[in-house]
Amino acid sequence: MRIDVVSIFPEYLAPLDVSLVGKARAKGLLDVRLHQLRDQAHDVHRTVDDTPYGGGPGMVMKPEPWAAALEAVAPPDGEGVPRLIVPTPSGRPFTQELAVELASEPWLLFAPARYEGIDRRVIEDAATRMRVDEVSIGDYVLAGGEVAVLVMVEAVARLLPGVLGNAESVRDDSFAPGAMANLLEGPVYTKPAEWRGREVPPVLLSGNHGAIARWRRDQALRRTAENRPDLLERLTSGDVDKHDRAA
Ligand SMILES: N#Cc1c(-c2ccc3ccn(Cc4ccc(CN5CCOCC5)cc4)c3c2)n[nH]c1N
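Keep in mind that what you see is a predicted model, and the values were worked out from it rather than measured.

*Asks:* Where do I start with the sheet that holds strand 1 (residues 2-7) in this structure?
*Replies:* The strands making up a sheet associate through hydrogen bonds between their backbones, and the pairing can be parallel or antiparallel. Read across the sheet, five strands follow the order 2-1-6-5-7 without closing on themselves; strand pairing throughout is parallel. Only two strands of the sheet have a single partner each, and these edge strands are strand 2 (31-36) and strand 7 (132-136). The mean angle between the axes of side-by-side strands here comes to 30 degrees, regardless of whether they run parallel or antiparallel. Two strands pair when backbone bridges link them, and strand 1 and strand 6 (residues 107-110) are joined in this way by four bridges, in the parallel orientation. Bridge assignment links D4 to a residue of strand 6, and that residue is L109. Running at roughly 160 degrees to strand 1, helix 2 (residues 63-73) makes contact with strand 1, strand 2, strand 5 (83-93) and strand 6 of the sheet.

Here it is in structure tokens:
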């Protein structure tokens, strides 16, 4: 997979050089390219923003630099077309389902804006050439889209074949299909078996894999009921018997 990111703060994306994504890049599983939007602003101050038509707070990102930057990355007559992802507070929710969908794309182009966002005409113009998704990573307000790009790239990268080692697996992800689908992870433990007077739940030391699986599901149901009761609504009645619900 190729990932391009256009930003006025490409240094914000430095974490894409480390850990899981960094290793995936080193293994050649991911080709991440960062681009400075200001390189496409040719006035002496390399201006990328201006006042909003109609008034209102803040500044809006000018169309010309963005159009030039997107076309520099993906020339209209070039090979292949990326899927353009535009982080925005007003976007569709970024979910595990969308991460799975994006993980199947050969080329993603992220356009994290700053200020009050990008002139709408940039999105409309790009949509004549490529698929555009306006996406929000959550119901809170950030100062720009770079953090959202870090979130989305990590969520997508870990789904790519070969990125997670055998020891880790996306199979057990909270939101992956299967017995624990739509349940939050339960508690995890490691050595020592007793620490500051607190013991590891004996079932986890029992070697009884059936009992351990049942205990883990029960813990996941409890945690989900406590922190995300909305997710329990997604489970069919057959998944959760009345006893579990009451637990
Ligand atoms: N993904 C994601 C995000 C973002 C996000 C993503 C991209 C950009 C680019 C600029 N910003 C700042 C910004 C904040 C608020 C507003 C709304 N305005 C309406 C008029 O009153 C002032 C406020 C606009 C722009 C961004 C924020 N925030 N939260 C998420 N989950």
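Next comes the rest of the write-up.
*Asks:* Help me out: how do you make sense of the environment of A74 in this one?
*Replies:* With respect to the secondary-structure elements, A74 resides in the loop between helix 2 and strand 5. A residue is classified by how much of its surface remains accessible, and A74, at 6% relative accessible area, is buried. As a C-alpha pair, A74 and R129 span 55 residues in sequence and 9.8 Å in three-dimensional space. Filtering out sequence-adjacent residues up to four positions away, A74 remains in contact with P82 and W107.

*Asks:* Any chance you could explain the nonpolar core here in plain terms?
*Replies:* Proteins that are soluble and globular tend to have nonpolar side chains buried together. By size, the foremost hydrophobic cluster in this structure holds 30 residues, and its most contacted members are I3, L30, F94, F110 and M152. Contributing elements (two or more residues each) for this core: strand 1, helix 1 (19-26), helix 3 (96-102), strand 6 and helix 5 (146-157). Broken down by element, the residue count for this core peaks at eight residues, all from helix 5. Beyond its immediate stretch of four places on either side in the chain, F94 contacts A99, L102, V135, S136, I137, V151, M152 and A155. Counting 22 residues, the second largest nonpolar core, distinct from the first, contains V86, L109, I118 and A126.

*Asks:* How should the side chain of R83 be read in this particular structure?
*Replies:* Position of R83 among the secondary structure elements: in strand 5. Within the structure, R83 has its side chain in polar contact with the side chain of D133 (distance 2.6 Å).

*Asks:* Can you help me understand the environment of N227 in this one?
*Replies:* Note on placement: N227 falls in helix 6 (residues 209-227). The spacing of N227 and L184 is 43 residues in sequence and 8.5 Å in space, taken between C-alpha atoms.

*Asks:* Where do I start with the pairing of strand 6 in this structure?
*Replies:* Here is the key point about a regular strand: its side chains alternate between the two faces of the sheet. Both faces of strand 6 are covered, namely the face carrying W107 and L109 and the face carrying L108 and F110. Across three bridges, strand 5 lies against strand 6 in parallel orientation. Directly across from I85, in strand 6, lies its bridge partner F110.

*Asks:* Explanation requested: the pattern of salt bridges in the structure shown.
*Replies:* One side chain can pair with another of opposite charge once the charged atoms of both are near each other. A full pass over the atoms with the stated rule returns 18 salt bridges. One salt bridge connects R120 with E134, and the closest N-O pair in it is separated by 2.8 Å. Of this pair, R120 sits in helix 4 (residues 120-126) while E134 sits in strand 7; the two residues are 14 residues apart in sequence, bridging distant segments of the chain. Across the salt bridge formed by D218 and R222, the nearest N and O atoms sit 2.7 Å from each other. Of this pair, D218 and R222 both sit in helix 6, four residues apart, roughly one helical turn. Overall, the relative accessible area of 40% leaves R222 in the partly exposed class.

What counts and what doesn't
- Residue indices follow the written sequence of each chain, beginning from 1 at its first position.
- Confidence filtering applies because this is a predicted model: local features only for residues at pLDDT of at least 70, side-chain atom pairs given and counted only at 80 or more, and all residues used for totals across whole chains, interfaces and linings.
- As a rule here, side-chain values cover all heavy atoms of the structure and leave hydrogens and water aside.
- Two strands make a pair as long as DSSP finds a minimum of two bridges between them.
- Helix and strand assignments follow DSSP, with helices taken as H or I runs no shorter than four residues and strands as E runs no shorter than two, numbered in order from the N terminus.
- In this description, a line fitted to the C-alpha atoms serves as the axis of each element, helices being fitted only across the stretch in contact, and the angle between N-to-C directions of two axes falls anywhere from 0 to 180 degrees.
- Working rule for contacts: check all heavy atoms of both residues, and any pair within 4.5 Å makes them a contact.
- Each residue is assigned to one of three classes by its accessible area relative to the maximum for its type, calculated with a 1.4 Å probe on protein chains only: buried under 20%, partly exposed between the two thresholds, exposed over 50%.
- Among the buried residues, those of types Ala, Val, Leu, Ile, Met, Phe, Trp, Tyr and Cys that are joined through side-chain atoms within 4.5 Å form a nonpolar core.
- Polar contact is defined as a pair of N or O atoms within 3.5 Å, subject to the rule that within protein one atom must be able to donate a hydrogen and the other to accept it, and that residues adjacent in sequence are counted only when both atoms are side-chain atoms.
- Salt bridge, as applied in this entry: a Lys or Arg side-chain nitrogen positioned within 4 Å of an Asp or Glu carboxyl oxygen.

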